[in-house]
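Observations on chain architecture
Given next are the chains, with one letter for each unit.
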Amino acid sequence: MENVKHDKGFYGKTDSGEKVSKITLTNQHNVTVEIITLGGTITSILVPDKEGTLADVALGFDTLEEYEVNAPYFGSLIGRVGNRIAKGQFELDGQVYCLVVNNGPNHLHGGLKGFNKVIWKSSIISDGSVKLSYTSPDGEEGYPGELTVDVVYELTNNNELNIDYSATTTKATPVNLTNHTYFNLAGQGTKDIYDHEFTIDADTYTPKNEDNIPTGEITDVEGTLFDFRTPVTIGDRIHDIPVDMGYDHNFCVGKSQQKKQFARVEHKASGRILDVFTDQPGVQLYTANYVDEVKGKGGVIYGKHSAFCLETQNYPNAVNQPDFPSAILQPGETYTHRTTYKFSTSD
């Protein structure tokens, strides 16, 4: 069996003159993942359909300049805390910390300069793996403690994209890392995902208020629009979700010591299947509700519902909800998070 091939080269310079590299991983089936060191961003995922024809199933841009803005967070690593923190505040060890408010009344995805905006150091650690590293200074975006983060992207010959996160801190701090890749299994640039069939192994979800913050309840999915325990064609119900006109919700999939499969998405026309595994307690299903006339790769215009994200994570606003899984990392501890996106085709 051939080893997974890797290539690392110059991608460009940011507006401030920082060098950005691109790493390309290619396996024996010609599945290819491209990653840039700006934001640790996945810029392309080429996978075959049932006829063997390759297509890029990840939304993105053509230029570094566009990735420097990247308002939708296409493909990026998210931190220090992914998802929303209510009112941009939390209390820890008797001290109230005030963060940047950048999403209505909330703090979203680490603030104005989250991990999606920084240059990560990269090193090839094996034929199919690249490690990205970043040290977030004490006080960055309002967070306490110096946080040292490593993220390993690995492509296997089983068409698995593994993402392993780890972090340590010098002070107690909330941590909730994730990746924000937008998938369309028909190929990026396809108008919508209405013909995608979703299965999510979650008995409960976290309802949210008008500010997109969980109410604190954990609610059964039985009899609701959030029951994906058996396959659902997303177009049959996506327009029935109130307020958002689509999904932007956290599903409770159960934290475990080992990665377990919690989701499958299938595009029957192409035969492409995406299975997702994680050890995290939650996953945010987001159906690109706020992507509006965004110019993407090849000049294609991305619109609402043109993709989906399955962001493995802790629950949103967990730092302010005592009944949610703890999001606090203490000095001497190591945060770990493991997720796999596995691609295959139907027979």
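Because the structure is predicted, anything quoted here is derived from the model rather than measured. Throughout this description, residue numbers start from 1 for each chain and increase along the sequence as written. pLDDT decides what is reported in this predicted model: residues at 70 or higher carry local features, side-chain atom pairs at 80 or more are listed and counted, and totals for whole chains, interfaces and linings draw on all residues regardless. Only hydrogens and water are set aside when side-chain values are computed; all heavy atoms of the structure are taken into account.

Examining the layout of surface pockets
Any empty space left between the atoms is revealed when a probe the size of a water molecule rolls over them. Put simply, the rule reads: In this analysis a 1.4 Å probe is tested at points of a 1 Å grid over the protein atoms alone, and where it fits but cannot get out there is a cavity; an open set with protein on both sides within 12 Å along at least five of seven lines is a pocket; lining residues have an atom within 4 Å of a point. Grid points are joined across faces, edges and corners, and a volume is the space filled by probe spheres set on the points. Charged means Asp, Glu, Lys or Arg here, nonpolar means Ala, Val, Leu, Ile, Met, Phe, Trp, Tyr, Cys or Pro, and polar covers whatever is left, Gly included. In this text, helices come from DSSP runs of H or I with a minimum length of four residues, and strands from runs of E with a minimum of two, each type numbered from the N-terminal end.
Considering only enclosed or pocket space, the largest pocket measures out at about 480 Å³ in volume. Lining of the largest pocket is provided by 31 residues; of these, Ala71, Tyr73, Asn103, Leu108 and His109 occupy positions nearest its centre. In terms of residue class, the lining of the largest pocket is built from eleven nonpolar, 13 polar and seven charged. In this structure, the second largest pocket occupies an estimated 420 Å³ of space. Looking at the second largest pocket, it is lined by 19 residues, and the ones nearest its centre are Lys255, Gln280, Thr334, Tyr335 and Thr336. At the level of secondary structure, the elements contributing two or more residues to the lining of the second largest pocket comprise strand S28 (328-329) and strand S29 (335-345). At three residues, the largest contribution of residues to the lining of the second largest pocket is made by S29. Per-class residue counts for the lining of the second largest pocket are seven nonpolar, eight polar and four charged.

Some remarks on the sheet that holds strand S3 (residues 32-36)
The condition that has to hold: The criterion for strand pairing is that DSSP finds at least two bridges linking the strands in question. Angular values range over 0 to 180 degrees, each being the angle between N-to-C directions of two axes fitted as lines to C-alpha atoms, with helices fitted over their stretch in contact.
The strand order across the open sheet formed by five strands is S1-S2-S3-S4-S5, and the pairing between neighbours is antiparallel. On the outer flanks of this sheet lie strand S1 (5-13) and strand S5 (54-56), each paired with one strand and no other. For this sheet, the mean inter-axis angle between neighbouring strands, taken without regard to orientation, is 15 degrees. For S1 and strand S2 (residues 19-26), the ladder comprises eight bridges, and the chain directions are antiparallel. From the neighbouring strand, phenylalanine 10 faces S2, where its bridge partner is serine 21.

Considering the state of the cysteines
Stated precisely, the cut-off is as follows: When two cysteine sulfur atoms are found within 2.5 Å, that pair is recorded as a disulfide. Note on exposure labels: buried denotes an accessible area under 20% of the residue type's maximum, exposed denotes more than 50%, and partly exposed covers the range between, all computed with a 1.4 Å probe on protein chains only.
Counted according to the given criterion, the structure contains zero disulfides. With no disulfide of its own, cysteine 252 has cysteine 309 as its nearest cysteine by sulfur position, at a separation of 19 Å. Its relative accessible area of 0% is what places cysteine 309 among the buried residues.

Some words on the pattern of salt bridges
Heads up, the condition is: Definition used for salt bridges: Asp or Glu carboxyl oxygen within 4 Å of a side-chain nitrogen of Lys or Arg.
For the structure shown, the criterion picks out ten salt bridges. Measuring nitrogen to oxygen at the nearest pair gives 2.6 Å for the salt bridge that ties glutamate 222 to arginine 229. In this structure, arginine 229 and aspartate 227 form a salt bridge, with 2.9 Å as the shortest nitrogen-oxygen distance. Relative accessible area serves as the criterion here: at 31%, arginine 229 is assigned to the partly exposed category. By sharing partners, the salt bridges in this structure join Asp203, Glu222, Asp227 and Arg229 into a single network.

Some words on unusual backbone geometry
That bond from glycine 79 to arginine 80 is cis: its omega, 5 degrees, falls within 30 degrees of zero. For arginine 80, the location among the structural elements is in the loop between strand S6 (77-78) and strand S7 (84-85). Phi is positive for asparagine 159, close to 60 degrees, though the residue is something other than glycine. Within the secondary structure, asparagine 159 sits in the loop between strand S13 (147-155) and strand S14 (160-169). Positive phi, close to 70 degrees, is recorded for histidine 305, a residue that is not glycine. Looking at the secondary structure, you find histidine 305 in the loop between strand S26 (301-302) and strand S27 (309-313).

Any functional reading would require information that these geometric values do not contain.
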